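Summary of structural features
So the chains spell out like this:
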Amino acid sequence: MTLRLGVIGLSPGNGHPYSWSAIFNGYNSSAMEGCGFPGIPRYLEKQNFPEDGIQGAQVTHIWTQDLALSKKVAQASLIPHIVNHYTDLIGQVEAVLLARDDAENHVQFASPFLKAGMPIYIDKPLALTLAHAKTLLSLQQYPGQLFSCSALRYAPELQLSPVDRQRVGDIRYVHATVPKDWNKYAIHIIDPVLNILGDQGTFSTPQITRSKHITSLHALHESGAQVHLSVMGDTPVPIVIDIAGSNGCVQLQFQNTFMAFKNALADFVAGIAEKSIKTSTDQVLRSIYLLEAGELQ
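A short tour of the structure in this document, coming up. (Residues numbered from 1 in each chain as written. Predicted model: local features only at pLDDT ≥ 70, side-chain atom pairs only at ≥ 80, totals over all residues. Heavy atoms only, no water.)

Okay, unusual backbone geometry next. Note that the residue after Phe-49, namely Pro-50, is joined by a cis bond; omega there is 5°. Secondary-structure assignment places Pro-50 in the loop between α3 (39–44) and β2 (57–63). A cis amide bond links Lys-124 with the next residue in sequence, Pro-125, at an omega value of -20°. Along the chain, the position of Pro-125 falls in the loop between β5 (120–122) and α6 (130–138). The phi dihedral of Lys-180 is positive, around 75°, even though this residue is not glycine. Within the element layout of this structure, Lys-180 appears in the loop between β7 (171–178) and α8 (182–185). The residue Lys-275 is not glycine, and still its phi comes out positive at about 55°. (Helix = DSSP H or I, 4+ residues; strand = E, 2+ residues; numbered from the N terminus.)

What follows is the structure in structure tokens.
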């Protein structure tokens, strides 16, 4: 039986309703060219659909704040049904993709589905403060109902292989960089760095340094590793994680957007089928703790 998914969009600058839906459904190549996010059709055209898509699930319904926009996304990503209000998804789909990264609105959009007991994937960042994150987590009707992370956590190229771990040894220093702004993009390095550190251990009170273009966070992890996160604004840099340890150092660089999205979405769907927890409360709160420390007011 195919799992029916509903997608909620669209926030400014975020093309995830297009890309996430296409990873399940395939896409209309000519319509996708007009999506307004030129990178999306470029990485989609490198895939073979339906083979490279996610099997066993389909985005069947969409809501956005504008009917014309909903029709545009639906045409590009082959979504058959449009609803007039986001709560209309209840009863028509089994799970929801909240594909908006305006974290300040996540409680509003997610609450009805959490209260209804529906699994929901909430786009990064889940929240900008621990208080809002705890509010969302408290609405879960069962552990693991809420899934949220940066998809870069699932990027194979941002994970330490067994060979890399031997090459590094005991991790002593991690420095990660990402472009754009802190509130929406810091999570793209926070989540994979925490994954590398094992999603365990506390941090010292983070120290924040800001210049006109760059926000940096420095904190000491319980393991003894120093962690330095730099969000570079309009400075053109790749997403890179440098790791130094007792044996040596490695550099990891993000490259494959499609695979990161696919892996994260597939794990969300797997969690539903397995009735397992894919995003733990501790993992979420550890990420939001660092995010809130550097939040741009």
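Let us now look at the pairing of strand β11 (residues 240–245). Relative to β11, β7 runs antiparallel, the two being bridged by 6 bridges. Counted as the bridge partner of Thr-177 is Val-240 from β11. Pairing of β11 with strand β12 (residues 249–253), which is carried by 5 bridges, proceeds in the antiparallel orientation. Paired with Ile-243 across the two strands is Val-250, which belongs to β12. In this antiparallel pair of consecutive strands, β11 and β12, the connection spans 3 residues. (Pairing = 2+ DSSP bridges.)

What follows is about the pairing of strand β4 (residues 95–98). With burial as the criterion, each face of β4 is covered, one bearing Ala-95 and Leu-97 and the other bearing Val-96 and Leu-98. Sheet topology places strand β1 (residues 3–8) next to β4; 4 bridges connect them, and they run parallel. Along β4, the bridge assignment pairs Leu-5 with Ala-95. With 3 bridges connecting them, β4 and β5 associate as parallel partners. Its bridge partner lying in β5, Leu-97 is registered against Tyr-121. Viewed along the sheet, the connection from β4 through helix α5 (residues 106–115) into β5 turns out right-handed. (Buried < 20%, exposed > 50% of the residue type's maximum accessible area, 1.4 Å probe, protein only. Right-handed = clockwise from strand over helix to strand, strands pointing away.)

In this section: the nonpolar core. Residues Leu-97, Tyr-121 and Ile-243 are the most contacted members of the largest nonpolar core, which totals 100 residues. When sequence neighbours within four positions are dropped, the list of residues in contact with Leu-97 reads Leu-5, Gly-6, Val-7, Ile-8, Trp-20, Phe-24, Val-59, Tyr-121, Leu-265 and Phe-268. (Core = buried A, V, L, I, M, F, W, Y, C linked by side-chain atoms within 4.5 Å. Contact = heavy atoms within 4.5 Å.)

Right, let's get into the sheet that holds β12. Across the sheet, 6 strands lie side by side as β8-β9-β10-β7-β11-β12; this open sheet has mixed pairing. Because the sheet does not close on itself, it has two edges, and the strands there are β8 (207–210) and β12. Neighbouring strand axes in the sheet, compared pairwise and without regard to direction, differ in orientation by 10° on average. Most of the contacts of helix α9 (residues 187–197) go to β7, to which it runs at about 160°, and overall it touches β7, β10 (226–231), β11 and β12. (Axes fitted to C-alpha atoms, helices over the stretch in contact; angles between N-to-C directions.)

Taken across its 10 residues, helix α1 (residues 16–25) has 10 buried, putting it largely inside the fold. Every buried residue of α1 is listed here: His-16, Pro-17, Tyr-18, Ser-19, Trp-20, Ser-21, Ala-22, Ile-23, Phe-24 and Asn-25. Phi for Gly-26, located one or two positions after α1, is positive at around 80°.

Take the pattern of salt bridges next. Overall, the coordinates contain 9 salt bridges when judged by the stated rule. Among the salt bridges present, the one from Lys-124 reaches Asp-101, with a minimum N-O distance of 3.3 Å. Of this pair, Lys-124 sits in the loop between β5 and α6 while Asp-101 is found in the loop between β4 and α5, placing the two residues 23 residues apart along the sequence. Of the two residues examined, Lys-124 and Asp-101, each falls in the buried class. A salt bridge links Asp-164 to Arg-167; its shortest N-O distance comes to 3.3 Å. Highlighted residues: Asp-164 and Arg-167, both in helix α7 (residues 162–168), separated by 3 residues, approximately one helical turn. Among the residues examined, Asp-164 registers a relative accessible area of 14% and is labelled buried. (Salt bridge = Lys/Arg side-chain N within 4 Å of Asp/Glu carboxyl O.)

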